Amino acid sequence: MDALLPEELFDLGSFQHAELFAGCANVWEALERLPGYLRSVLRPGIRGEVEDGAYLSGDVEIAEGARVEAGAYIRGPALIGPGTEVRHGAYVRGNVLTGTDCVIGHASEGKSAILLDRAKAAHFAYVGNSILGNDVNLGAGTKLANFKIVPGTIAVQRPDGTRLDTGMRKLGALLGDGVQIGCNAVTSPGTVIGRESLVYPGVSVQATIPARSVVTWKPGRVVRPRSQTGA
């Protein structure tokens, strides 16, 4: 099995936009296709609910049953899927596609991102150049870093430890179905996390993590009496 194939990370059987992944040899290719795909399928307009005080700019489709709260800002192209919530203070910054019943919450930002059904970035998350599988949940403060601090394109680590250059300057995280990430965790550019894995709060994650893994970092806890000065 190739952990970098879309079907290894996601169940695409019921995803309305499975066509986006068809024929992808590597899962991140769907992100490269995303702008063209949105141009072909977008039907700009509001079919759900957009509260007064929300701001929409450019080509934006709000599907039936979706809700955009006051104070949210969506810049197209963007397709907000059925039943999805874009909450107060959220920023959708172009080339974003969500499936059904997703959440982009308060102070969360998404750009060049694909959220499959029921994926949630509910609080203070950054989702850049990333794919969230079905039922993924990002704990508050999760950051999916998408840009290296040194020059060069981003490489993804294969399960055998070899590295594959994506040719992309920006690539965030590719999170398989059911991945749960704890608060304030950070993924390095090009991180792949297999299905049903758990990432503990505050962990920094990189490389490719196998399915059904637990990623944790527990430095020793120190408990000592306070000094007379209070320090």
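What you see is a predicted model, and the numbers here were worked out from it, not measured in a lab.

## Details of the packing of aromatic side chains
Taken as a whole, this structure holds four aromatic pairs when the rule is applied. Where Y55 meets Y73, the ring centres are 5.1 Å apart and the plane angle is 65°; that geometry is what we call edge-to-face. Placement of the pair is Y55 in strand β3 (residues 55-57) and Y73 in strand β6 (residues 73-75), with a sequence separation of 18 residues. Looking at Y55, the relative accessible area reads 48%, which means it is partly exposed. Among the aromatic side chains, those forming a connected cluster through ring pairs are F10, F15 and F21. Seen from the ring of F147, K170 lies directly overhead, with NZ or CZ sitting 5.6 Å from the centre.

## Describing the sheet that holds β3
Spatially, eight strands are ordered β3-β6-β9-β12-β15-β18-β23-β26 in an open sheet, and the strand pairing comes out parallel. Two strands lie at the open edges of the sheet, namely β3 and β26 (204-205), each paired on one side alone. When β3 meets β6, the two strands line up parallel, connected through three bridges. Bridge pairing in β6 links L56 to I74.

## A look at the side chain of S130
Take S130: it is sitting in the loop between β15 (126-128) and β16 (131-132). At 2.7 Å, the side chain of S130 and the backbone oxygen of G128 are in polar contact.

## Quick word on helix α2 (residues 29-41)
Three or four residues apart is the spacing at which side chains of an α-helix point the same way, because the helix has 3.6 residues per turn. Here α2 spans 18 Å end to end across 13 residues, near enough to the 18 Å set by a 1.5 Å rise per residue. Of all the residues in α2, the buried ones are A30, L31, L34, Y37 and L38. Packing partners of the buried residues in α2 comprise β7 (78-80), β10 (96-98), β13 (113-115), β16 and β21 (173-175).

## Re the pattern of salt bridges
Taken as a whole and assessed by the stated rule, the structure comprises seven salt bridges. A salt bridge links E85 to R87, with the shortest nitrogen-to-oxygen separation between them at 2.8 Å. When its relative accessible area of 25% is taken as the criterion, R87 is described as partly exposed. R195 is the salt-bridge partner of D177, the closest N and O atoms lying 3.8 Å from each other. Note that D177 is positioned in the loop between β21 and β22 (180-181) and R195 in the loop between β24 (191-193) and β25 (198-199), a separation of 18 residues in sequence. Here D177 falls in the buried class, since its relative accessible area comes to 7%.

## Re the pairing of strand β14 (residues 120-123)
Pairing of strand β11 (residues 103-106) with β14 involves three bridges; the strand directions are parallel. By the bridge assignment for β14, V103 is matched with K120. Relative to strand β17 (residues 137-138), β14 runs parallel, the two being bridged by two bridges. Paired with K120 across the two strands is N137, which belongs to β17.

## As for the pairing of strand β19 (residues 154-157)
Of the two faces of β19, only the one carrying I154 and V156 is buried; A155 and Q157 on the other face are not. Bridge count between β19 and strand β20 (residues 163-168): four bridges; the pairing is antiparallel. Paired with V156 across the strands is L164, a residue of β20. With antiparallel pairing between neighbouring strands as the criterion, β19 and β20 make up a hairpin whose turn holds five residues, including G161 at a positive phi of roughly 95°.

## Side note on a nonpolar patch on the surface
The grouping of L198, Y200 and V214 at the surface amounts to a nonpolar patch, some 260 Å² of accessible area in total. The topology assignment puts V214 in strand β28 (residues 214-215).

## Details of the environment of S108
Topologically, S108 is positioned in the loop between β11 and β12 (109-111). Residue classification places S108 among the buried residues on the basis of a relative accessible area of 1%. Each C-alpha atom of the pair S108 and A140 lies 9.1 Å from the other, and the pair is 32 residues apart in sequence. Sequence-distant contacts of S108, that is, excluding residues within four places in its chain, are made with G89, A90, Y91, A121, A122, H123, F124 and A125. There is a polar contact of 3.1 Å between the side chain of S108 and the backbone nitrogen of A125.

Calculation notes
Sequence order as written defines residue numbering, which begins from 1 separately in each chain. Since the coordinates come from a predicted model, pLDDT governs what is reported: local features require at least 70, and pairs of side-chain atoms require 80 or more to be given and counted, while whole-chain, interface and lining totals use all residues. Working from all heavy atoms in the structure, the side-chain values ignore hydrogens and water. Aromatic rings from Phe, Tyr and Trp, with only the six-membered ring used for Trp, were paired whenever their centres fell within 6.5 Å, and each pair was classed as stacked if the ring planes differed by under 30 degrees, edge-to-face if by over 60, and tilted otherwise. A run of H or I in DSSP counts as a helix once it spans at least four residues, and a run of E counts as a strand once it spans at least two, with each numbered from the N terminus. We call a residue buried when its accessible area falls under 20% of the maximum for its residue type, exposed when it is over 50%, and partly exposed in between, using a 1.4 Å probe and counting protein chains only. For a lysine, the NZ atom is tested; for an arginine, the CZ atom; a charge sits over a ring if that atom is within 6 Å of the ring centre and within 35 degrees of the ring normal. At least two DSSP bridges between two strands are required for those strands to pair. Each polar contact in these results corresponds to two N or O atoms within 3.5 Å; when the atoms are within protein, one needs to be able to donate a hydrogen and the other to accept it, and residues that are neighboring in sequence are counted only if both atoms are side-chain atoms. Each helix should span, by expectation, one fewer than its residue count multiplied by 1.5 Å. It only takes one pair of heavy atoms within 4.5 Å for two residues to be counted as in contact. A pair is scored as a salt bridge if a Lys or Arg side-chain nitrogen falls within 4 Å of a carboxyl oxygen belonging to Asp or Glu. Put simply, a patch holds well-exposed residues, over 30% relative accessible area, that have no salt bridge, with like charges counted together within 9 Å and Val, Leu, Ile, Met, Phe, Trp or Tyr side chains within 5 Å. Methods summary: accessible areas were calculated by the Shrake-Rupley approach with a probe of 1.4 Å, and residue burial reflects only the protein chains presented.

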